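A structural walkthrough
One letter stands for each residue in the lines below.
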Amino acid sequence: MTATLIDGKAFAAKVRAQVAEHVTRLKTDHAITPGLAVVLVGEDPASQVYVRSKRKMTTEVGMKSVEHRLDAETAEADLLALIDTLNTDPEIHGILVQLPLPKHLNEDLVINAIDPAKDVDGFHISNVGLLGTGQKSMVPCTPLGCLMMLREHHGSISGLDAVVIGRSNIVGKPMAQLLLNDSATVTIAHSRTKELADVVRRADIVVAAVGRPQMVPGDWIKPGATVIDVGINRLDAPEKGEGKTRLVGDVDFDSCAAVAGAITPVPGGVGPMTIACLLANTVTACCRANGLPEPEGLTA
Ligand code: NDP
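Residues numbered from 1 in each chain as written. Predicted model: local features only at pLDDT ≥ 70, side-chain atom pairs only at ≥ 80, totals over all residues. Heavy atoms only, no water.

1. Digging into the domain arrangement of the protein
Segmentation of the protein into domains returns domain 1 (31–117) and domain 2 (141–272). If you average the C-alpha positions of domain 1 and of domain 2, the two centres end up 28 Å apart. (Domains from an automatic or database assignment.)

Now the structure itself:
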(Lines give C-alpha, C1' and ligand atoms only; values in the text may rest on other atoms or scores of the structure.)
Protein backbone atom coordinates (compact mmCIF):
# COMPACT_ATOMS: atom_id res chain seq x y z
CA MET A 1 0.00 0.00 0.00
CA THR A 2 1.36 3.40 -0.95
CA ALA A 3 -1.64 5.58 -0.09
CA THR A 4 -1.97 7.52 3.15
CA LEU A 5 -4.73 6.00 5.25
CA ILE A 6 -7.37 8.57 6.19
CA ASP A 7 -8.29 7.33 9.64
CA GLY A 8 -12.00 8.14 10.03
CA LYS A 9 -12.14 6.47 13.41
CA ALA A 10 -9.45 8.72 14.89
CA PHE A 11 -10.83 11.81 13.17
CA ALA A 12 -14.34 11.03 14.45
CA ALA A 13 -12.98 10.76 18.00
CA LYS A 14 -11.47 14.24 17.57
CA VAL A 15 -14.80 15.63 16.31
CA ARG A 16 -16.67 14.03 19.22
CA ALA A 17 -14.16 15.54 21.67
CA GLN A 18 -14.78 18.98 20.13
CA VAL A 19 -18.53 18.44 20.43
CA ALA A 20 -18.17 17.33 24.07
CA GLU A 21 -16.14 20.44 24.87
CA HIS A 22 -18.84 22.64 23.35
CA VAL A 23 -21.58 20.78 25.22
CA THR A 24 -19.74 21.39 28.50
CA ARG A 25 -19.50 25.10 27.69
CA LEU A 26 -23.23 25.28 26.85
CA LYS A 27 -24.04 23.60 30.16
CA THR A 28 -21.75 25.66 32.39
CA ASP A 29 -22.06 29.06 30.71
CA HIS A 30 -25.69 28.96 29.59
CA ALA A 31 -27.36 26.10 31.54
CA ILE A 32 -28.37 24.51 28.22
CA THR A 33 -28.09 20.80 27.45
CA PRO A 34 -28.37 19.93 23.76
CA GLY A 35 -30.98 17.21 23.22
CA LEU A 36 -31.30 14.70 20.39
CA ALA A 37 -34.48 12.69 19.80
CA VAL A 38 -34.26 9.55 17.69
CA VAL A 39 -37.46 7.96 16.37
CA LEU A 40 -37.35 4.33 15.31
CA VAL A 41 -40.40 2.73 13.70
CA GLY A 42 -40.42 -1.08 13.48
CA GLU A 43 -37.83 -3.74 14.14
CA ASP A 44 -35.30 -3.43 11.29
CA PRO A 45 -32.18 -5.07 12.81
CA ALA A 46 -29.64 -2.74 11.12
CA SER A 47 -31.63 0.32 12.24
CA GLN A 48 -31.69 -1.00 15.81
CA VAL A 49 -27.89 -1.28 15.80
CA TYR A 50 -27.51 2.28 14.42
CA VAL A 51 -29.95 3.71 16.96
CA ARG A 52 -28.16 1.96 19.84
CA SER A 53 -24.78 3.36 18.87
CA LYS A 54 -26.23 6.85 18.25
CA ARG A 55 -27.71 6.80 21.75
CA LYS A 56 -24.44 5.68 23.35
CA MET A 57 -22.39 8.38 21.63
CA THR A 58 -24.96 11.10 22.29
CA THR A 59 -24.77 10.36 26.01
CA GLU A 60 -20.97 10.11 25.94
CA VAL A 61 -20.60 13.69 24.67
CA GLY A 62 -22.91 14.89 27.47
CA MET A 63 -26.06 15.50 25.44
CA LYS A 64 -29.57 14.46 26.36
CA SER A 65 -30.65 11.44 24.36
CA VAL A 66 -34.33 10.62 23.89
CA GLU A 67 -35.47 7.53 22.05
CA HIS A 68 -38.97 6.81 20.72
CA ARG A 69 -39.52 3.25 19.56
CA LEU A 70 -42.77 2.81 17.70
CA ASP A 71 -44.55 -0.28 16.52
CA ALA A 72 -44.05 -1.29 12.85
CA GLU A 73 -47.80 -0.79 12.33
CA THR A 74 -47.80 2.78 13.67
CA ALA A 75 -50.25 5.01 11.78
CA GLU A 76 -48.78 7.95 9.86
CA ALA A 77 -50.94 10.39 11.84
CA ASP A 78 -49.46 9.11 15.11
CA LEU A 79 -45.90 9.46 13.85
CA LEU A 80 -46.64 13.00 12.62
CA ALA A 81 -48.17 13.86 16.00
CA LEU A 82 -44.99 12.69 17.76
CA ILE A 83 -42.84 14.80 15.42
CA ASP A 84 -45.06 17.78 16.14
CA THR A 85 -44.52 17.31 19.89
CA LEU A 86 -40.75 17.07 19.41
CA ASN A 87 -40.77 20.14 17.15
CA THR A 88 -42.16 22.24 20.00
CA ASP A 89 -40.17 20.64 22.84
CA PRO A 90 -37.61 23.26 23.96
CA GLU A 91 -35.29 20.56 25.35
CA ILE A 92 -34.99 18.85 21.95
CA HIS A 93 -32.67 20.52 19.43
CA GLY A 94 -32.26 17.67 16.97
CA ILE A 95 -34.78 15.15 15.62
CA LEU A 96 -33.78 12.10 13.61
CA VAL A 97 -36.28 9.67 12.13
CA GLN A 98 -34.37 6.49 11.38
CA LEU A 99 -34.77 5.40 7.75
CA PRO A 100 -35.98 3.27 6.07
CA LEU A 101 -39.54 3.56 7.37
CA PRO A 102 -42.07 0.73 6.95
CA LYS A 103 -43.65 0.78 3.50
CA HIS A 104 -47.05 2.23 4.57
CA LEU A 105 -45.40 5.46 5.78
CA ASN A 106 -44.57 8.27 3.35
CA GLU A 107 -40.91 9.09 4.04
CA ASP A 108 -40.97 12.47 2.28
CA LEU A 109 -44.05 13.56 4.19
CA VAL A 110 -42.55 12.45 7.52
CA ILE A 111 -39.14 14.05 6.96
CA ASN A 112 -40.71 17.31 5.79
CA ALA A 113 -42.81 17.42 8.97
CA ILE A 114 -39.64 17.90 11.05
CA ASP A 115 -38.83 21.50 11.97
CA PRO A 116 -35.98 22.29 9.50
CA ALA A 117 -34.01 23.91 12.35
CA LYS A 118 -34.09 20.55 14.19
CA ASP A 119 -33.53 18.40 11.06
CA VAL A 120 -30.08 17.12 12.05
CA ASP A 121 -30.08 14.61 9.17
CA GLY A 122 -30.38 17.53 6.73
CA PHE A 123 -33.01 15.74 4.62
CA HIS A 124 -35.82 18.32 4.93
CA ILE A 125 -36.61 19.95 1.59
CA SER A 126 -35.78 23.41 3.07
CA ASN A 127 -32.31 22.25 4.07
CA VAL A 128 -31.78 20.65 0.64
CA GLY A 129 -32.70 23.99 -0.96
CA LEU A 130 -30.49 26.00 1.40
CA LEU A 131 -27.51 23.72 0.70
CA GLY A 132 -28.20 23.93 -3.04
CA THR A 133 -28.11 27.72 -2.93
CA GLY A 134 -25.02 27.87 -0.72
CA GLN A 135 -26.89 29.15 2.34
CA LYS A 136 -26.55 28.11 5.97
CA SER A 137 -28.37 24.79 6.43
CA MET A 138 -28.31 21.52 8.28
CA VAL A 139 -26.02 19.30 6.18
CA PRO A 140 -26.53 15.51 5.79
CA CYS A 141 -24.15 13.72 8.14
CA THR A 142 -22.40 11.26 5.80
CA PRO A 143 -21.41 13.81 3.13
CA LEU A 144 -20.47 16.30 5.86
CA GLY A 145 -18.12 13.68 7.35
CA CYS A 146 -16.58 13.07 3.91
CA LEU A 147 -16.11 16.81 3.38
CA MET A 148 -14.41 17.22 6.76
CA MET A 149 -11.93 14.45 5.94
CA LEU A 150 -11.23 15.95 2.50
CA ARG A 151 -10.66 19.42 3.98
CA GLU A 152 -8.41 17.98 6.66
CA HIS A 153 -6.35 16.05 4.10
CA HIS A 154 -6.18 18.63 1.29
CA GLY A 155 -6.54 21.92 3.13
CA SER A 156 -8.41 23.35 0.14
CA ILE A 157 -10.18 21.31 -2.53
CA SER A 158 -10.82 24.36 -4.72
CA GLY A 159 -10.24 23.61 -8.41
CA LEU A 160 -9.77 19.86 -7.93
CA ASP A 161 -11.65 17.42 -10.18
CA ALA A 162 -14.08 15.36 -8.10
CA VAL A 163 -16.20 12.42 -9.19
CA VAL A 164 -19.05 11.25 -6.98
CA ILE A 165 -20.31 7.80 -7.92
CA GLY A 166 -23.94 7.61 -6.80
CA ARG A 167 -26.75 10.19 -6.88
CA SER A 168 -28.91 9.31 -3.89
CA ASN A 169 -30.60 12.10 -1.94
CA ILE A 170 -28.84 11.12 1.28
CA VAL A 171 -25.26 10.73 0.02
CA GLY A 172 -24.44 11.33 -3.65
CA LYS A 173 -26.34 14.55 -4.39
CA PRO A 174 -25.52 16.44 -1.15
CA MET A 175 -21.89 15.25 -1.46
CA ALA A 176 -21.66 16.70 -4.96
CA GLN A 177 -23.25 19.94 -3.76
CA LEU A 178 -20.77 20.27 -0.87
CA LEU A 179 -17.82 19.68 -3.19
CA LEU A 180 -19.21 22.27 -5.59
CA ASN A 181 -19.73 24.76 -2.75
CA ASP A 182 -16.02 24.26 -1.94
CA SER A 183 -15.21 25.06 -5.61
CA ALA A 184 -14.25 21.59 -6.80
CA THR A 185 -15.15 20.72 -10.41
CA VAL A 186 -17.75 18.03 -9.86
CA THR A 187 -19.01 15.13 -11.95
CA ILE A 188 -21.85 12.94 -10.67
CA ALA A 189 -21.79 9.39 -12.02
CA HIS A 190 -24.60 6.84 -11.69
CA SER A 191 -25.87 3.57 -13.12
CA ARG A 192 -26.40 5.08 -16.60
CA THR A 193 -23.00 6.75 -16.84
CA LYS A 194 -21.05 5.69 -19.94
CA GLU A 195 -17.37 4.75 -19.71
CA LEU A 196 -17.41 5.04 -15.93
CA ALA A 197 -13.79 3.90 -15.64
CA ASP A 198 -12.62 6.79 -17.84
CA VAL A 199 -14.75 9.28 -15.90
CA VAL A 200 -13.28 8.10 -12.59
CA ARG A 201 -9.72 8.10 -14.00
CA ARG A 202 -9.89 11.89 -14.48
CA ALA A 203 -10.63 12.58 -10.82
CA ASP A 204 -8.37 14.01 -8.13
CA ILE A 205 -11.08 13.04 -5.64
CA VAL A 206 -13.29 9.96 -5.94
CA VAL A 207 -16.26 9.50 -3.61
CA ALA A 208 -17.87 6.08 -4.04
CA ALA A 209 -21.45 5.80 -2.72
CA VAL A 210 -22.96 2.99 -4.72
CA GLY A 211 -23.71 0.00 -2.51
CA ARG A 212 -21.85 -2.53 -4.70
CA PRO A 213 -19.04 -4.40 -2.98
CA GLN A 214 -15.53 -3.54 -4.23
CA MET A 215 -16.88 -2.20 -7.51
CA VAL A 216 -14.09 0.33 -8.12
CA PRO A 217 -10.76 -1.34 -8.98
CA GLY A 218 -7.34 0.26 -8.66
CA ASP A 219 -6.90 0.71 -12.41
CA TRP A 220 -9.79 3.23 -12.40
CA ILE A 221 -7.88 5.48 -10.01
CA LYS A 222 -5.60 8.30 -11.13
CA PRO A 223 -2.22 7.95 -9.40
CA GLY A 224 -2.18 10.11 -6.27
CA ALA A 225 -5.97 10.67 -6.15
CA THR A 226 -7.91 10.72 -2.89
CA VAL A 227 -10.49 7.96 -2.52
CA ILE A 228 -13.39 8.26 -0.09
CA ASP A 229 -15.30 5.00 0.25
CA VAL A 230 -18.82 5.49 1.58
CA GLY A 231 -20.04 1.97 0.82
CA ILE A 232 -20.95 -0.49 3.54
CA ASN A 233 -21.42 -3.99 2.16
CA ARG A 234 -21.48 -7.28 4.00
CA LEU A 235 -19.77 -10.28 2.42
CA ASP A 236 -19.72 -13.87 3.62
CA ALA A 237 -16.46 -14.66 5.41
CA PRO A 238 -16.26 -18.44 5.88
CA GLU A 239 -12.58 -18.01 6.86
CA LYS A 240 -13.82 -16.32 10.08
CA GLY A 241 -16.15 -19.21 10.86
CA GLU A 242 -19.51 -20.51 9.77
CA GLY A 243 -22.12 -17.81 9.09
CA LYS A 244 -19.60 -15.01 9.71
CA THR A 245 -19.45 -11.91 7.53
CA ARG A 246 -17.05 -9.03 6.91
CA LEU A 247 -17.62 -5.45 5.85
CA VAL A 248 -16.21 -4.11 2.58
CA GLY A 249 -16.65 -0.81 0.82
CA ASP A 250 -17.54 0.12 -2.75
CA VAL A 251 -13.87 0.26 -3.75
CA ASP A 252 -11.42 -2.59 -3.92
CA PHE A 253 -9.23 -1.40 -1.07
CA ASP A 254 -5.95 -3.20 -1.84
CA SER A 255 -5.72 -2.34 -5.53
CA CYS A 256 -6.92 1.25 -4.99
CA ALA A 257 -4.55 1.83 -2.05
CA ALA A 258 -1.65 0.80 -4.29
CA VAL A 259 -2.38 3.72 -6.66
CA ALA A 260 -4.19 6.38 -4.64
CA GLY A 261 -2.52 9.18 -2.69
CA ALA A 262 -4.96 8.75 0.20
CA ILE A 263 -7.86 6.42 0.97
CA THR A 264 -10.47 5.75 3.66
CA PRO A 265 -10.81 2.18 4.92
CA VAL A 266 -14.04 0.22 5.50
CA PRO A 267 -14.71 -0.17 8.34
CA GLY A 268 -13.11 2.76 10.14
CA GLY A 269 -13.50 5.48 7.51
CA VAL A 270 -16.72 7.28 6.66
CA GLY A 271 -18.92 5.25 9.05
CA PRO A 272 -17.60 6.69 12.36
CA MET A 273 -17.60 10.20 10.86
CA THR A 274 -21.32 9.93 10.11
CA ILE A 275 -22.30 9.57 13.78
CA ALA A 276 -19.77 12.21 14.85
CA CYS A 277 -21.38 14.62 12.36
CA LEU A 278 -24.83 13.84 13.73
CA LEU A 279 -23.60 15.00 17.14
CA ALA A 280 -21.94 18.03 15.55
CA ASN A 281 -25.20 18.94 13.80
CA THR A 282 -27.11 18.64 17.07
CA VAL A 283 -24.79 21.00 18.92
CA THR A 284 -24.92 23.40 15.94
CA ALA A 285 -28.74 23.28 15.95
CA CYS A 286 -28.74 23.94 19.70
CA CYS A 287 -26.47 26.98 19.32
CA ARG A 288 -28.58 28.38 16.47
CA ALA A 289 -31.81 27.86 18.45
CA ASN A 290 -30.35 29.83 21.35
CA GLY A 291 -28.71 32.58 19.28
CA LEU A 292 -25.23 31.49 20.38
CA PRO A 293 -22.05 31.24 18.27
CA GLU A 294 -21.69 27.92 16.49
CA PRO A 295 -18.69 25.67 17.11
CA GLU A 296 -16.03 26.28 14.49
CA GLY A 297 -15.08 23.58 11.98
CA LEU A 298 -18.11 21.40 12.67
CA THR A 299 -20.33 22.64 9.85
CA ALA A 300 -19.93 23.04 6.11
P1 NDP B 1 -28.58 4.18 -3.05
O2 NDP B 1 -28.89 2.77 -3.38
O3 NDP B 1 -29.68 5.09 -2.66
O4 NDP B 1 -27.83 4.85 -4.31
C5 NDP B 1 -26.85 4.17 -5.01
C6 NDP B 1 -26.40 4.98 -6.18
O7 NDP B 1 -25.40 4.23 -6.87
C8 NDP B 1 -27.49 5.30 -7.19
O9 NDP B 1 -27.45 6.66 -7.56
C10 NDP B 1 -27.17 4.40 -8.37
O11 NDP B 1 -27.46 4.96 -9.63
C12 NDP B 1 -25.69 4.25 -8.25
N13 NDP B 1 -25.25 3.01 -8.90
C14 NDP B 1 -25.75 1.77 -8.75
N15 NDP B 1 -25.09 0.89 -9.51
C16 NDP B 1 -24.16 1.59 -10.19
C17 NDP B 1 -23.17 1.27 -11.13
N18 NDP B 1 -23.01 0.01 -11.57
N19 NDP B 1 -22.39 2.23 -11.61
C20 NDP B 1 -22.52 3.51 -11.19
N21 NDP B 1 -23.44 3.89 -10.28
C22 NDP B 1 -24.25 2.94 -9.80
O23 NDP B 1 -27.43 4.11 -1.95
P24 NDP B 1 -26.98 5.18 -0.84
O25 NDP B 1 -26.52 6.42 -1.50
O26 NDP B 1 -27.99 5.26 0.22
O27 NDP B 1 -25.74 4.40 -0.23
C28 NDP B 1 -24.61 4.07 -0.99
C29 NDP B 1 -23.67 3.22 -0.16
O30 NDP B 1 -23.24 3.97 0.96
C31 NDP B 1 -24.29 1.96 0.43
O32 NDP B 1 -23.31 0.94 0.48
C33 NDP B 1 -24.68 2.35 1.82
O34 NDP B 1 -24.71 1.26 2.72
C35 NDP B 1 -23.54 3.28 2.16
N36 NDP B 1 -23.85 4.28 3.19
C37 NDP B 1 -22.92 4.46 4.15
C38 NDP B 1 -23.10 5.38 5.14
C39 NDP B 1 -22.05 5.56 6.17
O40 NDP B 1 -22.30 6.11 7.22
N41 NDP B 1 -20.80 5.14 5.88
C42 NDP B 1 -24.34 6.18 5.21
C43 NDP B 1 -25.22 5.99 4.09
C44 NDP B 1 -24.98 5.04 3.13
P45 NDP B 1 -28.98 5.23 -10.15
O46 NDP B 1 -29.41 6.47 -9.43
O47 NDP B 1 -28.82 5.43 -11.60
O48 NDP B 1 -29.78 4.04 -9.77
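2. Quick look at the pairing of strand 2 (residues 35–41)
Of all seven residues that make up strand 2, seven are buried, and the element is covered over most of its length. Residues G35, A37, V39 and V41 of strand 2 are buried on one face, and the alternating residues L36, V38 and L40, pointing to the opposite face, are buried as well. Strand direction decides the pairing type here: strand 2 and strand 3 (residues 64–70), joined by seven bridges, are parallel. Looking at the pairing, V38 lines up with E67 of strand 3. What joins strand 2 to strand 3 is helix 2 (residues 45–60), and the crossover it makes is right-handed. Relative to strand 4 (residues 94–97), strand 2 is paired through four bridges, and the arrangement is parallel. Paired with A37 across the bridge in strand 4 is I95. (Buried < 20%, exposed > 50% of the residue type's maximum accessible area, 1.4 Å probe, protein only. Helix = DSSP H or I, 4+ residues; strand = E, 2+ residues; numbered from the N terminus. Pairing = 2+ DSSP bridges. Right-handed = clockwise from strand over helix to strand, strands pointing away.)

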